[in-house]
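Coordinate analysis (summary)
Here is what each chain is made of, one letter per residue.
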Amino acid sequence: MRTGYERKGIRTSVRYRSPVSAVIEITDLTVRFGDVTAVAGLNLSVESGEIFGFLGPNGAGKTTTIRTLVDLLRPTSGNVRVLGRDVRGGAAEQRAAIGFLPGDLALFPGLTGRETLAFFARLQRRPPRSREAVLDRLGLADEALGRKVSTYSTGMRQKIGITIAFQHDPQLLILDEPTSGLDPFVREAFLGLVREAPKRGATVFLSSHVLAEVESCADRIALVDGGELRLLESIDAMRRDRPRHVILRYADGREERRTHAGDPAALLATIDTTRLIDVEIRPAGLEDTVKAALQHGSER
Amino acid sequence: MRRALLAFLWRRHRLSMGLCLFIPLLVGTGVGLMAPQLQQQREAFASLPFLARFLGSNAASAFSNVTLLSFPFRHPLVLLLYAVFPAIPILALPAGERGRGGLDMLLAAPLDRRALVHALALFVLLGIPIVIAFCFAGSMLAALIAGELERIDVARFALAAPPAGALIATWTGAALIVSVRARNRASATLTYAAFVTTAFLIDSIARIATGVEWMAKFTPYGYYRPDHVILGSTPWIANAVGLATVGVLLTLVAAELQARRTSA
């Protein structure tokens, strides 16, 4: 039987369901701004303890979707449930269990870094148990925390934003383009924090257009484009199924090039091994899979 | 949480709101210095009926002690202060932060949408006694400089304080409505300035021109006549309660509008 996703032409090996363990459940989410449809009938479910990569090109509807998850934007239609409750007008405990980093982070210029963290900790209603550890990992020095955030570089502001999201050990982290402005070392440190979050029971919803980052830490990804879901797949399945470029070299100088996706055993069964002297197999990157999904979506 | 937000607002706006408080003191000093001369020439000024009507209820009372010494409660600059004082924090949040992006951080922190509006109203409410204390101090300063302090009934001047507070409460509600609906600080400021200016002009015209006194009743200023309160010629309690009630209702409507906004 075909899944709902398959009927809509979305590539997936995952059946949509509303599991009890779902931390995020998005059902038929549509968001319109006047005549423009930013998100069109999106269905997603993110399970507890998962790192979920949310990908898409600019203007795909990623930020719009994320804003509905924290009730900063109300859907035109559809439902968004976070931590088991409707996000609209959610209870304080529910919302305090979310750590959020917006894509366009705006801190308050009159406050120092330390005051900013303390202010948000009071709003979050949870003790900032992880603050020092996160600051340490991100390399934000004590001296810098004493300065006003108006004097900070983009990267330092982003570090403060990340610390705000992580400091109260939230159950759910919703991070929109979290690595923008970070140098490679800090980016790696941040991805380490993301990878460790599920170990303490947290779920991560990570939006990015840096595919390599998402591939390095996510369990599953969703790809959206034009407000529609194009791909929903586990990273393992993508690695297994992604096309491989195969070059076969024979003793008589022949060179045969193939592209193979799916079970490697099937590939081996088709190779003529007579006078075969070399086999080169290059896996396609995640980018190829994503590009293929986007191309498939635009052709539909 | 509310305390955190109040502390945040205090830290952000204490300087600009504090500077506003000097207006009644400056007006009081000016009035105190000029009052003796103005009273000596009151008959000459009485020949300018429109000015007399603008300053007081009639030519005879326009340059009386009470009328002049009540100026720190009702000078045009002070009337604008009543509108500007609540607008300083309110137009910065939510409208200003909506335009800048900071509102997303606050509401996702999480700060309840209604609680945000209520906290802003509470913040201004806590500042109202300070504003009216400075207005009262302005009147007393004027009386002291003019050498009238011994002759005035200080208790009657204190009666002008509740209506002033109620007027600020009304402007607080109006500023909240504008701020929760605006896209950013600039548009909120323009809209609010248009409201305040229109109200001020209508009230001024109603005072100056004859036969159009009824127009004043369409503005908050029309229900605020501190000189009449001090003279005991107006039932101020009903007006003050009315203005305060309007302020509370507008605040509740603003909280509801913020809660129902599609976008934060």
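Residues numbered from 1 in each chain as written. Chains lettered and ligands numbered in written order. Predicted model: local features only at pLDDT ≥ 70, side-chain atom pairs only at ≥ 80, totals over all residues. Heavy atoms only, no water.

**What about the overall build of chain B?**
Looking only at helices and strands, chain B has 15 helices and 0 strands in total. A compact globule built from 264 residues would reach a C-alpha radius of gyration of about 18 Å, and chain B, at 20 Å, matches this within 12%. Its C-alpha atoms give chain B principal-axis dimensions of roughly 65 × 35 × 30 Å. For chain B, contacts bridging at least 24 residues in sequence account for 77% of all contacts bridging at least 6. Side chains of chain B carry 22 positive and 11 negative charges; the gap between the two charge centres is 11 Å. (Helix = DSSP H or I, 4+ residues; strand = E, 2+ residues; numbered from the N terminus. Rg over C-alpha atoms; globule rule 2.2 N^0.38 Å. Contact = heavy atoms within 4.5 Å. Lys, Arg positive; Asp, Glu negative; His and termini not counted. Charge placed at Lys NZ, Arg CZ, Asp CG, Glu CD.)

**Remarks on the domain arrangement of chain A**
Accessible area lost upon the coming together of the parts is a frequently used measure of interface size. Residues and elements named next belong to chain A. Under the domain assignment, chain A is made up of domain 1 (4-234) and domain 2 (239-299). A C-alpha centroid distance of 35 Å is found between domain 1 and domain 2. Facing the 10 residues of domain 1 at the interface are 11 residues of domain 2. For the pair domain 1 and domain 2, the two sides together bury roughly 1,100 Å², of which 65% comes from carbon and sulfur. Counting across the domain 1 and domain 2 interface gives 0 salt bridges. The tally of links from domain 1 across to domain 2 stands at 0 residue pairs in polar contact (both at pLDDT 80 or more). (Domains from an automatic or database assignment. Buried area = accessible area lost by both parts, 1.4 Å probe. Salt bridge = Lys/Arg side-chain N within 4 Å of Asp/Glu carboxyl O. Polar contact = N/O pair within 3.5 Å; in protein donor to acceptor, adjacent residues only side chain to side chain.)

**Thoughts on empty space enclosed by the protein**
If you walk through the whole model with that rule in mind, you get 3 cavities of 30 Å³ or more. One number sums up the size of the largest cavity: a volume of about 60 Å³. If you trace the largest cavity, you find it lined by A:Ile98, A:Gly99, A:Phe100, A:Phe120, A:Gln124, A:Ile164, A:Ala165, B:Met105, B:Ala108 and B:Ala109. Only β7 (98-101), α4 (113-124) and α7 (154-166) of chain A together with α9 (102-108) of chain B provide two or more residues apiece to the lining of the largest cavity. Per-element accounting of the lining of the largest cavity gives the leading share, 3 residues, to β7(A). Across the lining of the largest cavity, the residue classes break down as 8 nonpolar, 2 polar and no charged. (1 Å grid on protein atoms, 1.4 Å probe; cavity = no way out; pocket = protein on both sides within 12 Å on 5 of 7 lines; lining within 4 Å. Points joined across faces, edges and corners; volume = space filled by probe spheres on them. Nonpolar A, V, L, I, M, F, W, Y, C, P; charged D, E, K, R; others polar.)

**Thoughts on the layout of surface pockets**
Summary: where empty space remains is shown by rolling a probe the size of a single water molecule over the atoms. Residue and element names in this part refer to chain B. Here the second largest pocket defines a volume of roughly 310 Å³. Sorting elements by how many residues they give to the lining of the second largest pocket places helix α15 (residues 236-260) first, with 6 residues. Of the residues contributing to the lining of the second largest pocket, the split by class is 14 nonpolar, 5 polar and 1 charged.

**What to know about the packing of helix α8 (residues 76-100) of chain B against helix α13 (residues 185-208) of chain B**
All names here are of chain B. Across the interface, α8 lies against α13 with an axial gap of 10 Å and an inter-helix angle of 155 degrees. With respect to α13, the axis of α8 lies roughly antiparallel. The chirality of how α8 crosses α13 is right-handed. Every residue of α13 that contacts α8 at Pro76, Leu79, Leu80, Ala83, Pro86, Ala87, Ile88, Leu91, Ala92, Ala95 and Gly96 is listed here: Arg185, Ala188, Thr189, Tyr192, Val196 and Phe200. Tallied by class, the residues present in the contact of α8 with α13 amount to 14 nonpolar, 2 polar and 1 charged. (Axes fitted to C-alpha atoms, helices over the stretch in contact; angles between N-to-C directions. Parallel < 35°, antiparallel > 145°, perpendicular 65-115°, else oblique. Left-handed = near helix turned anticlockwise from the far one by under 90°.)

**Overview of the sheet that holds strand β12 (residues 244-250) of chain A**
Residue and element names in this part refer to chain A. Judged by pairing direction, the sheet is antiparallel, and its 3 strands sit side by side in the order β13-β12-β14 without closing on themselves. A single partner strand is all that each edge strand has here, and the edge strands are β13 (255-260) and β14 (276-283). On average, each strand axis in the sheet is tilted by 15 degrees relative to the strand beside it, whichever way the strands run. Strand direction decides the pairing type here: β12 and β13, joined by 6 bridges, are antiparallel. Note on β13: the bridge partner recorded for Arg249 is Glu255. (Pairing = 2+ DSSP bridges.)

**A few points about the interface of chain B and chain A**
Counting from both sides, the interface comprises 27 residues of chain B and, opposite them, 26 residues of chain A. Summing the contributions of chain B and of chain A, the shared interface buries around 2,400 Å²; its carbon and sulfur component is 60%. Per-residue buried area on chain B facing chain A is highest for B:Arg11, B:Met105 and B:Pro110; these three make up 26% of the total on that side. Linking chain B with chain A are 2 salt bridges. The salt bridge partner of B:Arg11 is A:Glu115, with a shortest N-O separation of 3.1 Å. Linking chain B to chain A there are 10 residue pairs in polar contact (both at pLDDT 80 or more).

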